Amino acid sequence: MPCLSAIPKLRFLSAWFCPYAHRATIALEHHAGRVEYEWVEALGWEQRRDENNVTGSGKEWWYHWKADELKRCNPSALVPTLIPLDNEGNPDETKSVYESLITIDYIDAIAKAPTENLRLVPTNPYLAAKCRYWADKVNRECCSPYYGVLVRTDENERRDNFNKLIVGLKAFSKEIEKNGSDNTFLGGGRLSNVDIALMPWAWRFYVFEHYRGPDYAIPYDDPGLYAYKSWCDHIFSSESVKRTLPDKPQYLEHIRKYADSSARSKVANAVRRGAAAHELDDDKDTY
Ligand SMILES: N[C@@H](CCC(=O)N[C@@H](CS)C(=O)NCC(=O)O)C(=O)O
């Protein structure tokens, strides 16, 4: 056991609804006792008055407010952003870490788990490379299409995004079957950065049926998704994951801003101009 003073401490600039920040939360909770963090709600929503009659409803779109700390510590001003605390407990803003997949790596590296099984990124270089490849692949193929289904207004485009998502989930399902493990990506119940990359969205797919109807339900009874289904059952029954899950009705209300196209976030703006969420561009997708 490390002595208490050796435990790294972080300020975690987050937002309760954000699935990208949720990745960092799961990694932090997985390493509870090895990394300490203070949660800072650094991003929220405000609806502008429709002074220029943009919508004609008296209320304009929803925009993000952001903490100054977030604007200072991340050039894109996105959550999650992590700021390490020095030995005196002062944040070192020169060493902030951002981009959700990278925050998982970073948290895992500073946690220095005592056994391989607790590491989110394997120490074996081949397995680490494979996990990083798959974390990026699920991000593009299973997470980004979520926003296409919600933000695009054309039914065919929504459907295309949903179909892309199912193709992505089937590829993931096939890979975990191939690995001989249907409970986590690496098997044996061991959690990895790949599981954490997908989990926040896998948990949020329930919103599709509510906003887009029964044809947008994930077809869990499709044999191509059997391994994915048992992955979900396993992952969401774990206590360390359960305590990170937002309240379902509250999240449903939050995501309405995406489903009715009134959100003006960087991701929503990227998807509205026809790009994927992972192709967000700070110059084009301003807030
Ligand atoms: N690629 C980023 C995306 C993070 C992201 O888009 N976070 C959203 C909240 S869910 C955000 O900070 N939005 C602020 C904005 O749109 O300006 C990551 O993986 O960390």
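Residues numbered from 1 in each chain as written. Predicted model: local features only at pLDDT ≥ 70, side-chain atom pairs only at ≥ 80, totals over all residues. Heavy atoms only, no water.

The protein chain appears in an unreviewed UniProt entry as Glutathione S-transferase from Cyclotella cryptica.

**Section: the domain arrangement of the protein chain**
Here the protein chain is partitioned into domain 1 (4-117) and domain 2 (122-279). For domain 1 versus domain 2, the separation of C-alpha centres amounts to 20 Å. Taken together, the contacts link 26 residues of domain 1 with 37 residues of domain 2. A buried area of about 2,800 Å², summed over both sides, lies between domain 1 and domain 2, and 61% of it is on carbon and sulfur atoms. Put simply, domain 1 and domain 2 have three salt bridges between them. Across the pair Arg190 and Glu116 runs a salt bridge, and its minimum N-O distance is 3.0 Å. Viewed at the interface, domain 2 and domain 1 are joined by 13 residue pairs in polar contact (both at pLDDT 80 or more). (Domains from an automatic or database assignment. Contact = heavy atoms within 4.5 Å. Buried area = accessible area lost by both parts, 1.4 Å probe. Salt bridge = Lys/Arg side-chain N within 4 Å of Asp/Glu carboxyl O. Polar contact = N/O pair within 3.5 Å; in protein donor to acceptor, adjacent residues only side chain to side chain.)

**Topic: the pattern of salt bridges**
Charged atoms that come close allow side chains of opposite charge to pair. Overall, the coordinates contain 20 salt bridges when judged by the stated rule. Two residues, Asp105 and Arg132, come together in a salt bridge whose shortest N-O distance is 2.8 Å. Taken together, the residues Asp105 in helix H3 (residues 100-111) and Arg132 in helix H4 (residues 125-151) connect sequence positions 27 residues apart. (Helix = DSSP H or I, 4+ residues; strand = E, 2+ residues; numbered from the N terminus.)

**Looking at the site of the ligand**
The full set close to the ligand counts 14 residues, and Cys18, Lys66, Glu99, Ser100 and Lys266 are the nearest of them. A distance of 2.9 Å is found between an oxygen atom of the ligand and a backbone nitrogen or oxygen belonging to Val79. With respect to the ligand, the backbone of Lys266 contributes an N or O atom lying 2.6 Å from an oxygen atom. Burial of the ligand by the protein chains amounts to 91% of its free accessible area of 520 Å². (Near = heavy atom within 4 Å. Areas by Shrake-Rupley, 256 points an atom, 1.4 Å probe, with all protein chains shown as cover.)

**A closer look at the nonpolar core**
Soluble, globular proteins show a tendency: their nonpolar side chains are buried together. Grouped together as the largest cluster of nonpolar side chains are 79 residues, with contacts concentrated most on Tyr146, Leu169, Leu198, Phe205, Phe208, Tyr228 and Trp231. Among the elements that take part in this core, H4 stands out by supplying 11 residues, more than any other. The residues that make up this core include at least three from each of domain 1 (4-117) and domain 2 (122-279). Leave out the neighbours within four places in its chain, and Leu169 touches Cys142, Leu198, Phe205, Ile218, Leu225 and Tyr228. (Core = buried A, V, L, I, M, F, W, Y, C linked by side-chain atoms within 4.5 Å. Buried < 20%, exposed > 50% of the residue type's maximum accessible area, 1.4 Å probe, protein only.)

**A closer look at helix H5 (residues 155-178)**
Taking 1.5 Å of rise per residue, 24 residues should cover 34 Å, and H5 covers 34 Å from first to last C-alpha, within 8% of that figure. Taken together, the buried positions of H5 are Arg158, Asn161, Phe162, Leu165, Ile166, Gly168, Leu169, Phe172, Ser173, Glu175 and Ile176. Among the structural elements, H4, helix H6 (193-204), helix H7 (206-212), helix H8 (226-235) and helix H10 (248-259) are those in contact with the buried residues of H5. One side-chain oxygen at the N-terminal end of H5 lies 3.0 Å from the backbone nitrogen of Asn156; it belongs to Asp154. Positioned one or two residues after H5, Gly180 has a phi angle of 75 degrees, which is positive. (Expected span 1.5 Å × (residues − 1).)

**Thoughts on unusual backbone geometry**
Residues other than glycine predominantly adopt negative phi, and peptide bonds predominantly adopt the trans conformation. Across the junction of Val79 and Pro80, the peptide omega takes the value 5 degrees, indicating a cis bond. One non-glycine residue, Glu99, lies in positive phi territory at about 80 degrees. Topologically, Glu99 is positioned in the loop between strand E6 (97-98) and H3. Overall, the relative accessible area of 46% leaves Glu99 in the partly exposed class.

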